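Topology and contacts: notes
Letter by letter, the chains look like this.
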Amino acid sequence: MLQARVKLIVTGDDFGYCPRRNQGIVECFLAGAVSNVSLLVNGSAAPNAAQLARRHNIPIGLHANLSEGSPVCKALKKNSSLLNKDGFFHGKMGFRTVLAKGLLKMSEVKQELMAQVDLFCELTGHVPHHMDGHQHVHVLPEVRHVFAQVLEEYGIKYTRVPVEPGLHSCAWIEPPLMDFYLGVEKDSLDTIDVFTRHGIRWADIYIGLSTMGKNMSVSNIQSAIDTAVAAFATKENSLMTQFSPQHQQSRRVTIELMVHPGYPTIPPVGGCGEGPDDFSQSWERLHELQTLMNPELQSYYKTRNIQLCAFKDL
C-alpha cells in the first residue's frame, strides 16, 4: 500500500497588493502558516513586498495579472486590447468576455506577461520560482498557449493547475461561485496538455477553491487534504505495483494550498492601479490569516507528518 509523504506548499497570493496584505502574509510566513508567496508586480506595494521577501528569505513567484488594474508594459498603457474604456484591465469577468469575443490580441498578452516577468526579476533579483495567474486567467483558451511559451522561454518550471479534488461535492459553495469554479476547472483540464508539451510542472494536488475566504476553516482544510491524498494514493496504488516495495514506500505527493490571508485593505491605499477591490477590503482576509495561524492546524500538519515547503524546494 502506498504511504505517500506529503509536501505542502501554502501559497499566499496577491503579495504586493497593499502594505496590510504584505504585513499579514509575512506574519503567516514567520509563523510557519504560509511557505510560499505569489507577487503582483503591478500591485501598489510590490516594491515593499519584494524587500520583505529578501529580508525574511520568503520563497516568491509571480502572480501574473491581466485582469485587475494597470499593465506594467509602457507600450500597452494606451490603445491596447487589454484595456477597457477607462484605461484599466477588463476585470475578472470582463477579461473572459472580451476573450470569448475574440477581441484580445495574444501578442499583447505575451508582451505584458514578459514585462511582468522582467519587472519581477528587477524587483527580486531572480527569475520567479513559479508563475501562476491572478483570477486564474493563465488557463483560459488562447492565453494558456502564450503563458506556456513565456514560462518556457524564461525557464520557469512550475505553475498552478486549479483542478480541486472533491470540488463538486462542496455543497457550501454558493451556486454562482460554483459555476465560476467549474469553469476554471474545465479550462484547467483543457490546459494540461499544453503545459505538459512545454515541460511545465505543477503540484500533484491543488486545493484552494473550496477553502477560500469565509469557507476556510481548520476542518475544511483538513478534510480537503485528507480526501485528496486518499484519492491520489488509491490512483497511484494501481500504477505502482510494477515498482519495488522500497520505491513504493518513498513516493512523495505534493499539494499546493492557495490562500489569501492579510489584514483588510483600507482605501484609498492598495490595489493594482485603480484602488482596492471589495475582495481585498473584506473581513475574510483576516479570517484566513487567523485560520492558517490556528495552532490546531499546525498540530494537524505535525500529526500527519505534512512538511511545508515551496516550489523552489521541489
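These numbers come from a predicted model, not from an experiment. Within any chain, residue numbers begin from 1 and follow the written order of that chain's sequence. Local features in this predicted model are restricted to residues whose pLDDT is 70 or higher, and side-chain atom pairs enter the listing and the counts only when it is 80 or higher, whereas totals over whole chains, interfaces and linings include all residues. Excluding hydrogens and water, the side-chain values take into account all heavy atoms of the structure.

1. Some points on the environment of Gly16
The line we're drawing: Only DSSP runs of H or I reaching four residues or more are called helices, and only runs of E reaching two or more are called strands; each is numbered from the N terminus. Here's how the labels work: a residue is buried when its accessible area is under 20% of the maximum for its type, exposed when over 50%, partly exposed in between, all with a 1.4 Å probe on protein chains only. Pairs of residues are marked as contacts when any of their non-hydrogen atoms sit within 4.5 Å.
Position of Gly16 relative to the elements: it lies in the loop between β1 (5–15) and α1 (19–30). On the basis of relative accessible area, Gly16 is assigned to the buried category, the value being 0%. Considering only alpha carbons, one finds Gly16 and Lys302, 286 residues apart in sequence, at a separation of 30 Å. In this structure Gly16 touches Asn22, Leu39, Leu40, Gly43, Ser44, Ala45, Ala46 and Ala49, once residues within four positions along its chain are discounted.

2. Remarks on the pattern of salt bridges
Our working rule: What counts as a salt bridge is simple: a side-chain nitrogen of Lys or Arg found within 4 Å of a carboxyl oxygen of Asp or Glu.
All told, the structure shown has twelve salt bridges when counted by the stated rule. Here Arg160 ties to Glu256 by a salt bridge, and the two come within 2.8 Å at their closest N and O atoms. Of the two residues, Arg160 is situated in the loop between α5 (143–154) and α6 (175–197) and Glu256 in strand β6 (residues 252–259); the sequence distance between them amounts to 96 residues. Each member of the pair, Arg160 as well as Glu256, is classed as buried. Across the salt bridge formed by Lys312 and Asp313, the nearest N and O atoms sit 3.5 Å from each other. Since its relative accessible area comes to 47%, Lys312 is described here as partly exposed. Where salt bridges share partners, they join Asp13, Asp132, Arg160 and Glu256 into one cluster.

3. Comments concerning unusual backbone geometry
Backbone torsion omega between Pro267 and Pro268 reads 5°, so that peptide bond is classified as cis. Residue placement: Pro268 occurs in the loop between β6 and α9 (278–281). Not every positive phi belongs to a glycine, and Asn79 is a case in point at roughly 55°. Relative to the helices and strands, Asn79 resides in the loop between β3 (60–64) and α3 (92–100).

4. Structural notes on the layout of surface pockets
Operational definition: The rule is simple: put a 1 Å grid over the protein atoms alone, call a set of points where a 1.4 Å probe fits but cannot get out a cavity, call an open set with protein on both sides within 12 Å along at least five of seven lines a pocket, and count a residue as lining if it has an atom within 4 Å of a point. Grid points are joined across faces, edges and corners, and a volume is the space filled by probe spheres set on the points. Think of it as three bins: nonpolar holds Ala, Val, Leu, Ile, Met, Phe, Trp, Tyr, Cys and Pro, charged holds Asp, Glu, Lys and Arg, and polar takes everything else, Gly as well.
Each pocket or cavity is described by its volume, and for the largest pocket that value is around 640 Å³. The set of elements that each furnish at least two residues to the lining of the largest pocket consists of β1, α6, α9 and α10 (284–292). The class makeup of the residues in the lining of the largest pocket is eleven nonpolar, nine polar and twelve charged. Approximately 420 Å³ is the volume attributed to the second largest pocket. For the second largest pocket, the lining is made up of 16 residues, of which Val163, Asp204, Ile205, Phe232 and Lys235 are closest to its centre. Those elements that provide at least two residues to the lining of the second largest pocket are α6, β5 (205–207) and α7 (218–240). Here the lining of the second largest pocket is composed, by residue class, of twelve nonpolar, no polar and four charged.

5. With respect to the packing of α1 against helix α2 (residues 46–56)
When two helices pack together, their arrangement is captured by the angle between the axes and the distance separating the axes. Under the convention used in this document: Lines fitted to C-alpha atoms define the axes here, with helix axes fitted over just the stretch in contact, and angles between the N-to-C directions of these axes take values from 0 to 180 degrees. Should an angle fall under 35 degrees it is called roughly parallel, over 145 degrees roughly antiparallel, and 65 to 115 degrees roughly perpendicular, with every other angle called oblique. Handedness of a crossing follows from how the near helix is turned relative to the far one, being left-handed for an anticlockwise turn of less than a right angle and right-handed for a clockwise one.
At a minimum axis distance of 11 Å, the contact between α1 and α2 shows a crossing angle of 15°. Of the possible angle classes, the one that applies to α1 and α2 is roughly parallel. In the crossing of α1 with α2, the sense of the turn from one axis to the other is right-handed. Contacts from Asn22, Val26, Phe29 and Leu30 of α1 reach α2 at Asn48, Ala49, Leu52 and His56. Along the lines of polarity and charge, the residues of the contact of α1 with α2 split into five nonpolar, three polar and no charged.

These results come straight from atomic positions and should not be treated as a statement about function.
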